[in-house]
Amino acid sequence: MKPLHVFLFCLMLLSNACQVTAQDQAMLSSDYDQLLEKYFDADGPGATALVVKKGQVLYKGAIGKADLENDVAMKVGHVHRIGSITKQFTAVSILMLMEQGKLKLQDDITRFIPDYPTKGKTVTVEHLLTHTSGIRSMTSMPGFFEAYERRNTSAEEMMDYFKNEPFDFEPGTQYRYNNSGYYLLGVIIEKASGMSYADFVKKNIFDKVGMKNSYYDNAQQIIPMRAAGYVKEGDEYRNANFLDMSVPYAAGSLLSTVEDWYLWNQALRAGKLIKKESLEMAFTPYELNNGEKINYGYGWGIGKMFGSRVVQHGGGIHGFLTQGTYLPAEDVYVAVFSNCNCQPADGAAEALAAIASEKYTSKKKISLSEAELKEYVGVYQVEDQQGKRTILMDGDHLTSQRSGRDLYNIFPYEKDRFFFENNLTTFEFVRDANGKIKGMNATALDGNVSYAALTDEEPLIRKAIEVAPEILQQYVGDYELVPGFNIVVTVKDGRLMGQPTNQGNYQLFAESETFFFLKVVDAQVEFLKDEAGVFNKMKLMQGGQVMIGNKQE
């Protein structure tokens, strides 16, 4: 339900004018297969992928397992939960009803939900579409999933859960991703159409487009080729928690395949579902009250990829991560659906889209000596920002980590030039007149270049120590740091683990008996005692911020 991350090698690239021969297609498929292997475990949960350019399928393939327990190989036709890609279908359903004259985007939501407490504020249908309503998002509220994920919940009960919460901001003044807003849109679709959300989408979209392998998810229904969903804890895969689909509803309840997803997009572009003018509204960045434009329209995020406009959305839901990307100028569609929340689909989709659109030149790793790699090690101050970037040696390669952010492996493709293992950012180190490193330029996916100057600061290298299991056990509990954000601490096989709300479970490494650090992200945790000597608080330090969390009863 959340929106929610590439090692590239030589590929045969196609010019816009050329046609793909059978031999070329076989070579491309082999190369794309290898790309997926960089992201997904061939022996674990896997993924399906589709790449289409100018109406021609460049690639469709699959990797890994659709069902680990029964050793079922993943195939392109396997059905995945698509999570928040559902929001596209909800947004288009609203636009259909608008074109039918059954609602207006500027309608106050109380036209359809009269008893909704808007507290004197005007909250429109358009505010819900654009995540600018200010209504509290249910999935950010403490204990939400623990309380509701297994319950079949009526719309009235779910709305009662969040409707009396204070507004986060005045409607139309800010953007904040919001699942409550899209839940309410589902209710509005039912009120305006007289049909259930599931029936409306099936009749007006799935059936009309011919999406024979797309569904409103239902655990009791027999759905051919339904992929199982997984999570990863440490080095082990586990079945994802059960989630009743009445919970995500119009914000994330749909199932589909990468092939059906492309049929959906073809139908939209051809004007078969809504007018092209309405679709363009959905693809246009919304403007806040102060005139600032956000990177979101109606059900789609809008941004740039190496200077080109990109329209996309990701999905993250129990056991699944998905990404659908479209570059209008290049007419390139890419979909990647993964059946594990441990394997982000967005990085793979970005790599496939960048290559298919010829917006990125593939990089091939070269070898540098240990002495040459050590030249780049240091702490770099990012220009015009408070953050720093630390470059360290890790065996035979370098790692890069921004303050408070994830750790990435980087590899050289030319002298002084490096690429990231799992995203499209590149570095070029800059030398002074004497040939010594003085800084770096980082080029991001959207084409922006930022400079960071090498400082005299010595990189901090943390060393882990062993702590007795009985001491670790004192820290076990659920800590609320801010409303909607908790960290659940457990002990597994003698290791202390921390799981933030809606995220993976990560090991906490001890630097002392009470002070711990993470390796995957630049963050540290300290456990604090009360006056009685009981550990009942957690201090989280990340990105220059400090938060104190209380252990919940």
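Fair warning: this is a prediction, and the values are worked out from it, not measured in the lab.

**Student:** Even after reading the chapter, I still don't get helix 7 (residues 197–209), so can you show me in this structure?
**Tutor:** With 13 residues, helix 7 should reach 18 Å at 1.5 Å per residue; the first-to-last C-alpha distance of 17 Å fits that figure. Along helix 7, the largest kink reaches about 30 degrees and is centred on Lys203. Of all the positions in helix 7, only Tyr197, Phe200, Val201, Asn204, Ile205, Phe206 and Val209 are classed as buried. In the core, the buried residues of helix 7 are packed alongside helix 2 (86–99), helix 6 (179–193), strand 6 (215–216), strand 9 (254–256) and helix 8 (258–269). Looking one or two places after helix 7, you find Gly210, whose phi comes out positive at around 90 degrees.

**Student:** Please explain the state of the cysteines as it appears in this structure.
**Tutor:** Cysteine pairs can be covalently joined through their sulfur atoms, and such a bond is termed a disulfide. Here the structure, examined in full by the defined rule, presents one disulfide. Here Cys340 pairs with Cys342 through a disulfide, and the sulfurs are 2.3 Å apart. As the torsion about the S-S bond is roughly 125 degrees, the Cys340-Cys342 disulfide counts as right-handed. Given the relative accessible area of 0%, Cys340 is considered buried.

**Student:** Can you help me understand the sheet that holds strand 6 in this one?
**Tutor:** In any sheet, the strands associate via hydrogen bonds between backbone groups, in a parallel or an antiparallel arrangement. The strand order 5-9-6 describes an open sheet built from three strands, whose pairing is antiparallel. A strand with exactly one partner marks an edge of an open sheet, and here the two such strands are strand 5 (80–81) and strand 6. Where strand 6 and strand 9 come together, two bridges link them in antiparallel fashion. If you follow Tyr216 over to strand 9, its bridge partner there is Leu254.

**Student:** Please explain the side chain of Ser214 as it appears in this structure.
**Tutor:** Relative to the elements of secondary structure, Ser214 occurs in the loop between helix 7 and strand 6. Accessibility expressed as a relative area gives 6% for Ser214, which makes it buried. Of the polar contacts made by the side chain of Ser214, one reaches the side chain of Ser256; its length is 2.7 Å. Side chain to side chain, Ser214 and Asp260 meet in a polar contact 2.8 Å long. Those residues in contact with Ser214 that sit more than four places away from it in its chain are Phe206, Leu255, Ser256 and Asp260.

**Student:** Sorry if this is basic, but what is going on with the packing of helix 2 against helix 7 here?
**Tutor:** For any two helices packed against each other, one specifies the crossing angle of their axes together with the interaxial distance. Contact geometry of helix 2 with helix 7 gives a least axis separation of 11 Å together with a crossing angle of 80 degrees. Between helix 2 and helix 7, the interaxial angle falls into the category roughly perpendicular. Mapping the contact onto sequence places Thr86, Phe89, Thr90, Ser93, Met96 and Leu97 in helix 2 and Tyr197, Phe200, Val201, Asn204, Ile205 and Phe206 in helix 7. Residue composition of the contact of helix 2 with helix 7, grouped by class: eight nonpolar, four polar and no charged.

**Student:** Would you explain the pairing of strand 17 (residues 407–414) in this entry?
**Tutor:** Within a regular beta strand, the side chains point alternately toward one face of the sheet and then the other, so they alternate between its two faces. Sheet topology places strand 16 (residues 397–402) next to strand 17; four bridges connect them, and they run antiparallel. Residue pairing across strands places Leu398 opposite Ile410, the latter belonging to strand 17. Here strand 17 runs beside strand 18 (residues 417–420); their pairing, made up of four bridges, is antiparallel. Within strand 18, the residue paired with Ile410 across the bridge is Phe420. Where strand 17 folds back on strand 18, the antiparallel hairpin that results is connected by two residues, among which Asp416 adopts a positive phi of roughly 75 degrees.

**Student:** Just checking my understanding: could you explain the packing of aromatic side chains for this structure?
**Tutor:** Any pair of aromatic rings gets described here by the distance separating the centres and the angle formed by the planes. All chains considered together, the criterion is met by 31 aromatic pairs. Judged by centre distance (5.8 Å) and plane angle (35 degrees), the ring pair of Tyr175 and Tyr296 falls under tilted. Of this pair, Tyr175 sits in the loop between helix 5 (155–162) and helix 6 while Tyr296 sits in the loop between helix 9 (276–282) and strand 10 (301–305), and the two are 121 residues apart along the sequence. A residue is classified by how much of its surface remains accessible, and Tyr175, at 33% relative accessible area, is partly exposed. Linked through ring pairs, Tyr376, Tyr380, Tyr408, Phe418, Phe420, Phe427 and Phe429 together constitute an aromatic cluster. Lying across the ring of Phe509, Lys519 places its NZ or CZ 4.1 Å from the centre.

**Student:** When you look at the nonpolar core in this model, what are you seeing that I'm missing?
**Tutor:** One recurring pattern in soluble globular proteins: nonpolar side chains tend to sit buried together. By size, the foremost hydrophobic cluster in this structure holds 82 residues, and its most contacted members are Phe89, Phe162, Ile205 and Trp264. The element contributing the most residues to this core is helix 6, with eight residues. Every residue in contact with Phe89, bar those within four places of it in the chain, is listed here: Ile82, Tyr197, Ile205, Phe206, Met211, Leu254 and Trp264. Formed by 29 residues, the second largest nonpolar core is a distinct cluster that contains Leu352, Ala353, Ile355 and Leu445.

**Student:** Explanation requested: the packing of helix 2 against helix 6 in the structure shown.
**Tutor:** Contact geometry for helix 2 and helix 6: axes closest at 10 Å, N-to-C directions at 40 degrees. Classified by chirality, the crossing of helix 6 by helix 2 is left-handed. Here Lys87, Thr90, Ala91, Ser93, Ile94 and Leu97 of helix 2 lie close against helix 6, whose contacting residues are Asn179, Tyr182, Leu185, Ile188, Ile189, Ala192 and Ser193. Class assignment for the residues of the contact of helix 2 with helix 6 results in eight nonpolar, four polar and one charged.

**Student:** I would appreciate a short explanation of helix 2 in the present structure.
**Tutor:** Along an α-helix, a turn takes 3.6 residues, which lines up residues three or four apart on a common side. Given a rise of 1.5 Å per residue, 14 residues ought to cover 20 Å, and the 20 Å separating the end C-alpha atoms of helix 2 matches this to within 8%. Most of helix 2 sits out of view: twelve of its 14 residues are buried. Three or more residues of helix 2 are buried, namely Thr86, Lys87, Gln88, Phe89, Thr90, Ala91, Val92, Ser93, Ile94, Leu95, Met96 and Leu97. After helix 2 finishes, the residue Gly101 shows a positive phi value of roughly 80 degrees.

**Student:** I keep staring at the sheet that holds strand 28 (residues 535–542) and nothing clicks. Help me out?
**Tutor:** Taken together, eight strands build a closed barrel; the order of strands is 22-23-24-25-26-27-28-29 and the barrel is antiparallel. Looking at each pair of strands side by side, their axes are set apart by 30 degrees on average, direction ignored. Of the strand pairs in this sheet, strand 25 (residues 506–510) and strand 26 (residues 515–517) are connected by two bridges, and their pairing is antiparallel. Looking at the pairing, Ala510 lines up with Phe516 of strand 26.

Reading the values: the criteria
Residues numbered from 1 in each chain as written. Predicted model: local features only at pLDDT ≥ 70, side-chain atom pairs only at ≥ 80, totals over all residues. Heavy atoms only, no water. Helix = DSSP H or I, 4+ residues; strand = E, 2+ residues; numbered from the N terminus. Expected span 1.5 Å × (residues − 1). Bend = angle between axes of the 7 residues up to and from the residue. Buried < 20%, exposed > 50% of the residue type's maximum accessible area, 1.4 Å probe, protein only. Contact = heavy atoms within 4.5 Å. Disulfide = S-S within 2.5 Å. Pairing = 2+ DSSP bridges. Polar contact = N/O pair within 3.5 Å; in protein donor to acceptor, adjacent residues only side chain to side chain. Axes fitted to C-alpha atoms, helices over the stretch in contact; angles between N-to-C directions. Parallel < 35°, antiparallel > 145°, perpendicular 65-115°, else oblique. Nonpolar A, V, L, I, M, F, W, Y, C, P; charged D, E, K, R; others polar. Phe/Tyr/Trp six-rings, centres within 6.5 Å; stacked < 30°, edge-to-face > 60°. Lys NZ or Arg CZ within 6 Å of the ring centre and 35° of its normal. Core = buried A, V, L, I, M, F, W, Y, C linked by side-chain atoms within 4.5 Å. Left-handed = near helix turned anticlockwise from the far one by under 90°.

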